[in-house]
Amino acid sequence: MTSRLEAYRVSAYNTAKQSENKMHDDTVAKRFGFSGGLVPGVDVMAYMMHMPVANWGRDFPARGLIDARFEKPVYDAEIADVTAEESHSQLTIEVKSRGQLCATGSASLPASAPAISISDYREVAAPAERKPVNAASYEVDKLLGTIPRHWAGEAAKEYLADIRETDPIYSRENLGHPGLLQRVMNRVLVDNAILGPWIHVGSKMQLLSAVKGGDEITARAKVTGNYDKKGHRFVELDALMVANGNTSLAHCQHIAIYQPREQAAA
């Protein structure tokens, strides 16, 4: 039995126009063949997360599983239509904008969160001084840390406004949106090297416990892949997201093009 959830419409917002990643800058992105600066993939994934939370409520931030793959860009101020169909207790999710399929993914709600030990993921500090990205930046098996981050009070409200999230569950129950974890996953890359323009292409995230407002979030990451594909240089990460140094929040797998072919060939 397949059922379709009520569609979710978002006026997309490029939260990273001023970021170090100039793939979000209109002028630079056009040099790479895009129409303008890209809305961050982690924010498109946050749009997608609206659907499983609408379907399963608070249980999803506590133990849900979601994956997302980004096919085409979503652009600032454009409408992004998020749709989902449920079949056999799994959601199939799509994001369309400008008449194109921009992202695909799925979500499910396991009966319980898997047991993952924090001790299996070694904590390391982010480097005190970053260096321009090079062959050693993301060597396979290298451990990567992040600068601790938290979103409390006005910062939490600003984040929800940025991703256009209207579900009252986050303010009502003092929950952090699970999209915050994806922002920290991006910071694994940024906190460990000075990058040129780069692109987040996909993620899988098993939530283990709900983020609470004001939690200090860090990532304990390991590089699991570094390879060339069609001239692009890809990196794959496996990470445990941790709150306040002692609570497992999510197991994440993250894929990015850290050097697009135009840059890799330079």
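Below is a summary of the structure that appears in this document. If you're wondering where the values come from, they're calculated on a predicted model, not measured in any experiment.

**Brief notes about the pairing of strand β4 (residues 79-87)**
Reasoning step 1: Only one face of β4 is covered, namely the face carrying Ala-80, Val-82, Ala-84 and Glu-86; the face carrying Ile-79, Asp-81, Thr-83, Glu-85 and Ser-87 is uncovered.
Reasoning step 2: For strand β1 (residues 2-4) and β4, the ladder comprises three bridges, and the chain directions are antiparallel. Bridge pairing links Thr-2 to Ser-87 in β4.
Reasoning step 3: In terms of strand pairing, strand β2 (residues 8-11) meets β4 through four bridges, oriented antiparallel. Within the sheet, the bridge partner assigned to Ser-11 lies in β4 and is Ile-79.
Reasoning step 4: The pairing of β4 with strand β5 (residues 90-97) spans seven bridges and is classified as antiparallel. Bridge pairing in β5 links Glu-86 to Leu-91.
Reasoning step 5: As consecutive antiparallel partners, β4 and β5 are separated by two residues, and within that stretch His-88 has a phi angle of approximately 55°, a positive value.

**Some remarks on the packing of helix α2 (residues 41-56) against helix α6 (residues 179-190)**
The description of two packed helices rests on the angle between their axes and on the distance between the axes.
Reasoning step 1: Running from N to C, α2 and α6 point in directions that differ by 160°, and their axes come no closer than 9 Å. In terms of axis orientation, α2 runs roughly antiparallel to α6. Here α2 runs over α6; the crossing is right-handed. Here Val-42, Asp-43, Met-45, Ala-46 and Met-49 of α2 come into contact with α6, specifically with Gly-179, Gln-182, Arg-183 and Asn-186.
Reasoning step 2: Taken together, the residues of the contact of α2 with α6 sort by class into four nonpolar, three polar and two charged.

**Details of the nonpolar core**
Within soluble globular proteins, side chains that are nonpolar tend to cluster in buried spots.
Reasoning step 1: The biggest cluster of nonpolar side chains holds 66 residues, and the ones touching the most others in it are Tyr-47, Tyr-138, Leu-181 and Met-241.
Reasoning step 2: With nine residues, α2 is the single largest residue contributor to this core.
Reasoning step 3: Beyond its immediate stretch of four places on either side in the chain, Tyr-47 contacts Tyr-8, Val-10, Ala-12, Tyr-13, Val-39, Ala-80, Val-82 and Ile-163.
Reasoning step 4: Ranked by size, the runner-up nonpolar core spans 10 residues in total, among them Ala-29, Phe-32, Phe-234 and Ile-255.

**Comments concerning the pairing of strand β11 (residues 247-259)**
Reasoning step 1: Of all 13 residues in β11, 11 are buried, a share of seventy percent or more.
Reasoning step 2: Inspection of the sheet shows strand β8 (residues 199-207) paired to β11 by eight bridges, in the antiparallel sense. Bridge pairing in β11 links Lys-204 to Gln-253.
Reasoning step 3: Here 11 bridges tie strand β10 (residues 232-243) to β11, and the two strands are oriented antiparallel to one another.

**Section: helix α4 (residues 154-162)**
Reasoning step 1: Along α4, the residues classified as buried are Tyr-159, Leu-160 and Asp-162. Along the axis of α4, the buried residues cluster in a sector spanning 160°; they form a single face. Away from its buried face, by an angle of more than 90 degrees, α4 presents the exposed residues Glu-154, Lys-157 and Glu-158.
Reasoning step 2: Elements in contact with the buried residues of α4: α2, α5 (169-172) and α6.
Reasoning step 3: Positive phi appears at Arg-164, one or two residues downstream of α4, with a value of about 60°.

**Looking at the pattern of salt bridges**
Reasoning step 1: Evaluation of the coordinates by the stated rule reveals 15 salt bridges.
Reasoning step 2: Note that Arg-187 is salt-bridged to Asp-191, the shortest N-O span being 3.3 Å.
Reasoning step 3: Residue class for Arg-187 comes out partly exposed when judged on its relative accessible area of 29%.
Reasoning step 4: What makes Asp-191 buried here is its relative accessible area of 4%.
Reasoning step 5: If you follow the salt bridges from partner to partner, you end up with Arg-58, Arg-172 and Glu-173 in one network.

**Regarding the side chain of Asp-215**
Reasoning step 1: Residue placement: Asp-215 occurs in the loop between β8 and β9 (217-229).
Reasoning step 2: Of the side chains with opposite charge, Lys-212 comes closest to the buried, unpaired Asp-215, at an N-O distance of 5.5 Å.
Reasoning step 3: One polar contact links the side chain of Asp-215 to the main-chain amide nitrogen of Lys-212, over a distance of 2.9 Å.
Reasoning step 4: Side-chain polar atoms of Asp-215 contact the side chain of Asn-244, separated by 3.1 Å.
Reasoning step 5: Setting aside residues no more than four positions away along its own chain, Asp-215 makes contact with Arg-149, His-150, Trp-151, Ala-210, Ala-243, Asn-244 and Leu-249.

Basis of the calculations
Residues numbered from 1 in each chain as written. Predicted model: local features only at pLDDT ≥ 70, side-chain atom pairs only at ≥ 80, totals over all residues. Heavy atoms only, no water. Buried < 20%, exposed > 50% of the residue type's maximum accessible area, 1.4 Å probe, protein only. Helix = DSSP H or I, 4+ residues; strand = E, 2+ residues; numbered from the N terminus. Pairing = 2+ DSSP bridges. Axes fitted to C-alpha atoms, helices over the stretch in contact; angles between N-to-C directions. Parallel < 35°, antiparallel > 145°, perpendicular 65-115°, else oblique. Left-handed = near helix turned anticlockwise from the far one by under 90°. Contact = heavy atoms within 4.5 Å. Nonpolar A, V, L, I, M, F, W, Y, C, P; charged D, E, K, R; others polar. Core = buried A, V, L, I, M, F, W, Y, C linked by side-chain atoms within 4.5 Å. Arc of directions from axis to C-beta. Salt bridge = Lys/Arg side-chain N within 4 Å of Asp/Glu carboxyl O. Lys, Arg positive; Asp, Glu negative; His and termini not counted. Polar contact = N/O pair within 3.5 Å; in protein donor to acceptor, adjacent residues only side chain to side chain.

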